[in-house]
There are 2 protein chains.
Amino acid sequence: MGVIRKTKAVEVLLNEFNNSSTAISAKKLIAELDSTFNKTTIYRVLDKLEDDGILHSFLGKEGLKWYAKCNGCTASEHADLHPHFQCLSCGKVECLTVSVTLPKIPNKKIETSQLLLQGKCEACFV
Amino acid sequence: MGVIRKTKAVEVLLNEFNNSSTAISAKKLIAELDSTFNKTTIYRVLDKLEDDGILHSFLGKEGLKWYAKCNGCTASEHADLHPHFQCLSCGKVECLTVSVTLPKIPNKKIETSQLLLQGKCEACFV
DNA sequence: AATATAACGCAACAGTGTTGCATTAACAAA
DNA sequence: TTTGTTAATGCAACACTGTTGCGTTATATT
């Protein structure tokens, strides 16, 4: 996987994630940065950042791909469980820090998992 | 949502799920029944069966939509947590019967959740 | 400055899933 | 059984996120 060059696209995207405490969908990034970067570039930079262990990705409610900064993940080994929360009202997605104990399934070797909790966030839950 | 008519498509699709202990992706059903039914019909019947609480759906690894028979779900209220297992080798998806205790998140109202465990099934895990 | 090659933009494509509309089939009532 | 209502179907075209090929540009190394 070559070296990461510090291009404008990499810089801008990293900034987005450093300034955001929530996860961001590829769709939103493309919409926001449409006039600045080609969508292909955005997809490729996100892929690369994920490969290099800087971001991790997961699928949100409608099959959209979301990205967020990794915490305590290395390029080769991500934390086993990535719990995320998506607000059904405003659509916002957050990474959760709580840990979930996985069920032990007989005759199966669990390698990874994705847990998506859905409901209402504090802003929408009144 | 009108009445469900017992059409050939409904009959055949229900049969598929009654004869299968695992979840089935819309993609696979379309591939299998291509010569019999139009894909639009298949998507619409699956939607309808889900609306009526007979099937439930969830997203698999690549954002593909999977369907499985509901157990203990009603049309209005599905069981809170749907744990599923997808084999990363053969792609098979199963509904799990184990229950998972959800983490309690402050200031959030969890309404539903999707837990997808990924790894190797007994057939592929040797 | 010259060179190697990663990253980029563009266009065209891939795949799953959706929509509009005219036609057909299921079901209830006469 | 026939009639009438309307749900269900097939077809074609579309919508959308994400991908691929390729020629060009920019980064970093020598």
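Residues numbered from 1 in each chain as written. Chains lettered and ligands numbered in written order. Predicted model: local features only at pLDDT ≥ 70, side-chain atom pairs only at ≥ 80, totals over all residues. Heavy atoms only, no water.

Peer 1: When you look at the overall build of chain A in this model, what are you seeing that I'm missing?
Peer 2: For chain A, the helix and strand inventory stands at three helices and six strands. The linear arrangement of helices and strands in chain A, starting from the amino end, is α-β-α-α-β-β-β-β-β. Looking at chain A as a whole, 40% of its 126 residues qualify as buried. Across chain A, contacts joining residues at least 24 apart in sequence account for 54% of those joining residues at least 6 apart. Accessible surface, chain A as shown: approximately 7,400 Å² in total, 50% of it carbon and sulfur. (Helix = DSSP H or I, 4+ residues; strand = E, 2+ residues; numbered from the N terminus. Buried < 20%, exposed > 50% of the residue type's maximum accessible area, 1.4 Å probe, protein only. Contact = heavy atoms within 4.5 Å. Areas by Shrake-Rupley, 256 points an atom, 1.4 Å probe, with all protein chains shown as cover.)

Peer 1: Any chance you could explain the relation of the copies chain A and chain B here in plain terms?
Peer 2: Put simply, the second copy of the chain is the first one after a rotation about an axis and a shift along it. Of the two same-sequence chains, chain A is brought onto chain B (RMSD 0.1 Å, axial shift 0.0 Å) by a rotation of 180°. Considering both components of the superposition, the chain copies are consistent with a two-fold axis. A high fraction, 100%, of the interface residues of chain A reappear at the interface in chain B, so the copies pair face to face through one surface. (Least-squares fit on C-alpha atoms with pLDDT ≥ 70 in both.)

Peer 1: Please clarify how the packing of helix H1 (residues 8-18) of chain B against helix H3 (residues 39-51) of chain B should be interpreted in this entry.
Peer 2: Residue and element names in this part refer to chain B. Direction vectors running N to C along H1 and H3 enclose 65°, while the axes themselves pass 10 Å from each other. One finds that H1 runs roughly perpendicular with respect to H3. Crossing geometry of H1 relative to H3 is assigned as right-handed. On H3, the residues that touch Ala9, Val10, Leu13, Leu14 and Phe17 of H1 are Thr41, Ile42, Val45, Leu46 and Leu49. Within the contact of H1 with H3, the residues separate by chemical class into nine nonpolar, one polar and no charged. (Axes fitted to C-alpha atoms, helices over the stretch in contact; angles between N-to-C directions. Parallel < 35°, antiparallel > 145°, perpendicular 65-115°, else oblique. Left-handed = near helix turned anticlockwise from the far one by under 90°. Nonpolar A, V, L, I, M, F, W, Y, C, P; charged D, E, K, R; others polar.)

Peer 1: Got a minute to help me understand the protein's contact with DNA strand C in this structure?
Peer 2: As a matter of local geometry, DNA strand C sits amid 23 residues, with Thr7(A), Thr41(A), Arg44(A), Lys6(B) and Lys27(B) nearest to it. For DNA strand C, a phosphate oxygen lies 3.3 Å from a polar atom in the backbone of Asn38(A). Here a phosphate oxygen of DNA strand C and a side-chain polar atom of Tyr43(B) are 3.0 Å apart. Ranked by residue count, the leading element in the surface near DNA strand C is helix H3 (residues 39-51) of chain A, at five residues. In the surface near DNA strand C, the residues fall into seven nonpolar, seven polar and nine charged. (Near = heavy atom within 4 Å. Polar contact = N/O pair within 3.5 Å; in protein donor to acceptor, adjacent residues only side chain to side chain.)

Peer 1: Before we go on, may I ask you to explain the protein's contact with DNA strand D in this structure?
Peer 2: Around DNA strand D, the structure places 23 residues, and the nearest of them are Lys27(A), Lys65(A), Thr7(B), Thr41(B) and Arg44(B). Protein-adjacent atoms of DNA strand D, using a 4 Å cutoff, are sugar or phosphate at a proportion of 59%. Contact between DNA strand D and Arg5(B): a sugar or linking oxygen at 3.1 Å from a side-chain N or O atom of the residue. Within the side chain of Thr7(B), one N or O atom sits 2.8 Å away from a phosphate oxygen of DNA strand D. Elements with a contribution of two residues or more to the surface near DNA strand D: helix H2 (26-32) and H3 of chain A together with H3 of chain B. The element contributing the most residues to the surface near DNA strand D is H3(B), with five residues. Residue composition of the surface near DNA strand D, grouped by class: eight nonpolar, six polar and nine charged.

Peer 1: How should the packing of aromatic side chains be read in this particular structure?
Peer 2: Pairs of aromatic rings are described using the distance from one ring centre to the other and the angle between the two planes. Enumeration over the complete set of coordinates arrives at zero aromatic pairs over all chains. Taking the ring centre of Phe85(B) as reference, the NZ or CZ of Lys108(A) above it sits at 5.4 Å. (Phe/Tyr/Trp six-rings, centres within 6.5 Å; stacked < 30°, edge-to-face > 60°. Lys NZ or Arg CZ within 6 Å of the ring centre and 35° of its normal.)

Purely geometric stuff here, so don't read any function into it on its own.
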